[in-house]
Amino acid sequence: MGTLILLILTLLVFGVYVLGITGGSTTPVQPLQSVIRVENVEGKLVVRHVVGEEIPKAFKLYNGAVTWLNLVVKRNGENLNVTGGARAGNLTTGMVDFGPGTKLELPVSVGKGDKITVVYVPAGQILCEQTF
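The rules behind each value
Residues numbered from 1 in each chain as written. Predicted model: local features only at pLDDT ≥ 70, side-chain atom pairs only at ≥ 80, totals over all residues. Heavy atoms only, no water. Buried < 20%, exposed > 50% of the residue type's maximum accessible area, 1.4 Å probe, protein only. Pairing = 2+ DSSP bridges. Helix = DSSP H or I, 4+ residues; strand = E, 2+ residues; numbered from the N terminus. Polar contact = N/O pair within 3.5 Å; in protein donor to acceptor, adjacent residues only side chain to side chain. Contact = heavy atoms within 4.5 Å.

**Student:** Explain unusual backbone geometry to me, and be specific about the residues and the numbers.
**Tutor:** Even without a glycine there, the phi angle at N63 is positive, about 50°. Judged by relative accessible area, which is 54%, N63 ranks as exposed.

**Student:** Any chance you could break down the pairing of strand β9 (residues 103-106) for me, citing the residues and the numbers?
**Tutor:** With four bridges joining them, strand β2 (residues 44-52) and β9 adopt antiparallel strand pairing. Bridge pairing in β9 places R48 opposite K103. Pairing of strand β7 (residues 87-88) with β9 involves two bridges; the strand directions are antiparallel. Each bridged residue has a counterpart across the sheet, and for R87 the counterpart in β9 is E105.

**Student:** Just give me the short version of the sheet that holds β2, but keep the residues and values in it.
**Tutor:** Judged by pairing direction, the sheet is antiparallel, and its four strands sit side by side in the order β1-β2-β9-β7 without closing on themselves. Looking at strand neighbours, the two that pair on one side only are β1 (34-41) and β7, the edges of this open sheet.

**Student:** Go over the side chain of E105 with me, naming the residues and quoting the values.
**Tutor:** For E105, the location among the structural elements is in strand β9. A residue is classified by how much of its surface remains accessible, and E105, at 15% relative accessible area, is buried. Within the local environment of E105, its side chain forms a polar contact with the side chain of K103, the two groups lying 3.4 Å apart. If near-sequence neighbours (up to four positions away) are discounted, E105 is found in contact with K44, L45, V46, G85, A86 and R87.

Below, the structure written as structure tokens:
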């Protein structure tokens, strides 16, 4: 009887420990309903938010350098590393909420066969994928 109580107590403590580590149940992030387009314009990669939900804190610009946050642009599966020359409208420095009508210009050349993928990071959702 005592062994049974100790076993139940041990399992109960372990269960509470696991719940504490995992944070209990998590609510999955809902996918966005947005239309994103990518274009190769005059040697620049242009990412346009055509219509749909805004992506808050999509990325941060600092003197044209991009830090990807809730949105990431990939070329051939690798995150684009943009260290300068990027702009969202007239903005080259600041946090960007990527909403309808916003255009991100990246000084990135895209070659024939390159695959550009735009991903909403919190949901792991591909918003746009295009091979040039």
